[in-house]
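Observations on the three-dimensional arrangement
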Amino acid sequence: MSISTEKIQRIARTIKQSPLTSFTCACKKIELGLLGDKASSYNYNKPVGIDIELTNVCNLQCPWCDTQFYADKTVKKREIPWEKYKVIAPKLRGINRVMFCGGGETLTYKHAADAVRLTKEYVPTVLMHSNATLLNGKRANKLAQSGLDLLRVSIDGSDEDTFHEIRGTSLSKVLDNLTYFSSLCDVPISTVSVISKKNWQSLLNVPDILSKIENIENLYFQPVEVDFLPYERDKYYITEQEWTELRETVIDKCASYGLKTNIGDPGFDPLFFRPWKRCEYPFTGYITLNYEGMVAPCCRLTNVVHMGDLYTESFEDVWNGDFFRKLRRLIISGEYPSYCHDRCNYRVEMSSIPSQDSPGKMKYVKKTADLLEIANV
């Protein structure tokens, strides 16, 4: 199996950042591979990373974001109180990487820059994902001085019409904010572009517009995921011919501008033709923490099922608690609970029938009829 240079570099960075966690995670993967269904559900390793949802409130309404479907909007202020986050942060020691992201826009959180600065005391690498609409003025200045290691920004088009249709805001405003942020600091910026029928042609020119912004180094692309939402797949997924044109164009342009991109990686699977043999997130990360202090097995389950409460429990008590260990035992045996079938049956090889056991506390479940009503389809 071929592996990209970028992935090798990423693994090398991870090992350098936290050798012990990297080593124990590698040992866990080897254990799973060698022992199969005899592997242990106990994790002697911390997860490589955790995604933290400081807030579930967003100032945009992107059509394929599941926040509009799964966020409990009866609660107006859905965020981690700052005093409680100060209790959570020390519990993250030993994790390689924290990413502030999730269902909300992180920069709507008053203490976003403070959270970065505090987390850096315990975690070697701290990233933030943002739509960059609020990356200006005092917010930008505070973030530039926070110790942030990488800023990831969503860019889903290269022209105003497409960008506004998908994200509901101005592309020029976002680009101006990124230019301003780049003038304040040398924090690297990586952009994330979702590939769909609606915008793939506009994405052809994304390298052109981003090459002009100094701190942008990497253009990351990912396929739209609507299989777990009430949308028709064929209306959103591009064809193989469209994918080939996009891939070749972006690779050529990034090379000419000196930009990195993942779109040419051997493992890139834009149409989800190659599902994973086993989900490793509950074993090695990446897990998530939501605005209530609740831990979920992965980003797709952030507001669906919870394994423990970092407000009141230690990280070890959650990570090796009954819920996580029961989930791992199911996966080791080749079974997956219903919530995994609902959200990831196209990404992971799993049987057609879910397990009768669904470890964890179910948080927020909507029936398909409710989702259809919200989506107006």
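Let us look at the structure shown here. (Residues numbered from 1 in each chain as written. Predicted model: local features only at pLDDT ≥ 70, side-chain atom pairs only at ≥ 80, totals over all residues. Heavy atoms only, no water.)

Overview of the overall build of the protein
The helix and strand tally for the protein stands at 16 helices and 12 strands. Counted over contacts in the protein with a minimum sequence separation of 6, partners at least 24 positions apart contribute 72%. Entry remark: accessible area of the protein is about 17500 Å², with carbon and sulfur atoms responsible for 51%. (Helix = DSSP H or I, 4+ residues; strand = E, 2+ residues; numbered from the N terminus. Contact = heavy atoms within 4.5 Å. Areas by Shrake-Rupley, 256 points an atom, 1.4 Å probe, with all protein chains shown as cover.)

Details of the pattern of salt bridges
All told, the structure shown has 13 salt bridges when counted by the stated rule. Across the salt bridge formed by Glu31 and Lys28, the nearest N and O atoms sit 3.3 Å from each other. Here Lys28 and Glu31 lie together in helix H2 (residues 19–35), a separation of three residues that amounts to about one turn. Judged on exposure class, the residue Glu31 and its partner Lys28 are both buried. In this structure, Lys86 and Glu83 form a salt bridge, with 3.0 Å as the shortest nitrogen-oxygen distance. A residue pair is termed a helical-turn pair when its members lie 3 or 4 positions apart in one helix, as Lys86 and Glu83 do in helix H4 (residues 82–88) at three residues. (Salt bridge = Lys/Arg side-chain N within 4 Å of Asp/Glu carboxyl O. Buried < 20%, exposed > 50% of the residue type's maximum accessible area, 1.4 Å probe, protein only.)

Looking at H2
Taking 1.5 Å per residue as the helical rise, H2 with its 17 residues ought to reach 24 Å, and the 24 Å between its terminal C-alpha atoms agrees with that figure. Within the span of H2, buried status applies to Thr21, Ser22, Thr24, Cys25, Lys28, Glu31 and Leu32. Of the residues trailing H2, Gly36 is marked for its positive phi of about 60 degrees. (Expected span 1.5 Å × (residues − 1).)

Points about helix H6 (residues 137–144)
Among the residues of H6, those classed as buried are Ala140, Leu143 and Ala144. End-on view of H6: buried residues confined to an arc of 100 degrees, all on one side of the axis. Packing partners of the buried residues in H6 comprise helix H5 (112–119), strand S3 (125–130), strand S4 (150–154) and helix H8 (171–184). (Arc of directions from axis to C-beta.)

Considerations on the packing of aromatic side chains
Using the criterion set out here, one finds six aromatic pairs in the structure. With 6.5 Å between their ring centres and 80 degrees between their planes, Tyr281 and Tyr286 make a pair best called edge-to-face. With 5.2 Å between their ring centres and 70 degrees between their planes, Trp319 and Phe324 make a pair best called edge-to-face. Taking relative accessible area as the criterion, Trp319 reaches 1% and is therefore assigned buried. These aromatic residues form a ring-pair network of at least three members: Trp82, Tyr85 and Phe100. Its guanidinium or amino end placed over the ring of Tyr220, Arg152 lies 5.2 Å from that ring's centre, counting from NZ or CZ. One cation-aromatic arrangement involves Arg328 over Trp319; the distance from NZ or CZ to the ring centre is 4.5 Å. (Phe/Tyr/Trp six-rings, centres within 6.5 Å; stacked < 30°, edge-to-face > 60°. Lys NZ or Arg CZ within 6 Å of the ring centre and 35° of its normal.)

Notes on the packing of H6 against H8
Look at H6 against H8: their axes get within 9 Å of each other, and the N-to-C directions meet at 45 degrees. As summarised for this structure, H6 and H8 are arranged oblique, according to the angle between their axes. Regarding H6 and H8, the two cross each other, and that crossing is right-handed. Across the interface between the two elements, Gly137, Ala140, Asn141, Leu143 and Ala144 of H6 pack against Tyr180, Phe181 and Leu184 of H8. Of the residues contributing to the contact of H6 with H8, the split by class is six nonpolar, two polar and no charged. (Axes fitted to C-alpha atoms, helices over the stretch in contact; angles between N-to-C directions. Parallel < 35°, antiparallel > 145°, perpendicular 65-115°, else oblique. Left-handed = near helix turned anticlockwise from the far one by under 90°. Nonpolar A, V, L, I, M, F, W, Y, C, P; charged D, E, K, R; others polar.)

Considerations on the environment of Glu79
Tracing the backbone through its elements, the reader meets Glu79 in the loop between helix H3 (67–70) and H4. What makes Glu79 partly exposed here is its relative accessible area of 23%. Considering only alpha carbons, one finds Glu79 and Glu53, 26 residues apart in sequence, at a separation of 7.8 Å. Apart from the residues lying within four places of it in its own chain, the contact partners of Glu79 are Leu54, Thr55, Tyr109 and Tyr291.

Description of the nonpolar core
Soluble globular proteins: nonpolar side chains tend toward being buried together. Grouped together as the largest cluster of nonpolar side chains are 88 residues, with contacts concentrated most on Ile52, Tyr85, Phe100, Leu151, Leu178 and Phe181. When residues in this core are grouped by element, the largest group, five residues, is from H8. When near neighbours in sequence (up to four residues on either side) are disregarded, Leu178 contacts Ala132, Leu135, Leu151, Val153, Ile189, Ile213 and Ile216. With six residues, the next largest nonpolar core counts Trp64, Ile166, Val194 and Tyr237 among its residues. (Core = buried A, V, L, I, M, F, W, Y, C linked by side-chain atoms within 4.5 Å.)

A few points about the side chain of Thr162
As for its placement among the helices and strands, Thr162 is situated in helix H7 (residues 160–167). Residue Thr162 is classed as buried on the basis of its relative accessible area of 12%. Each residue touching Thr162, except ones within four places of it in the same chain, is listed here: Asp156, Lys198, Asn199 and Ser202.

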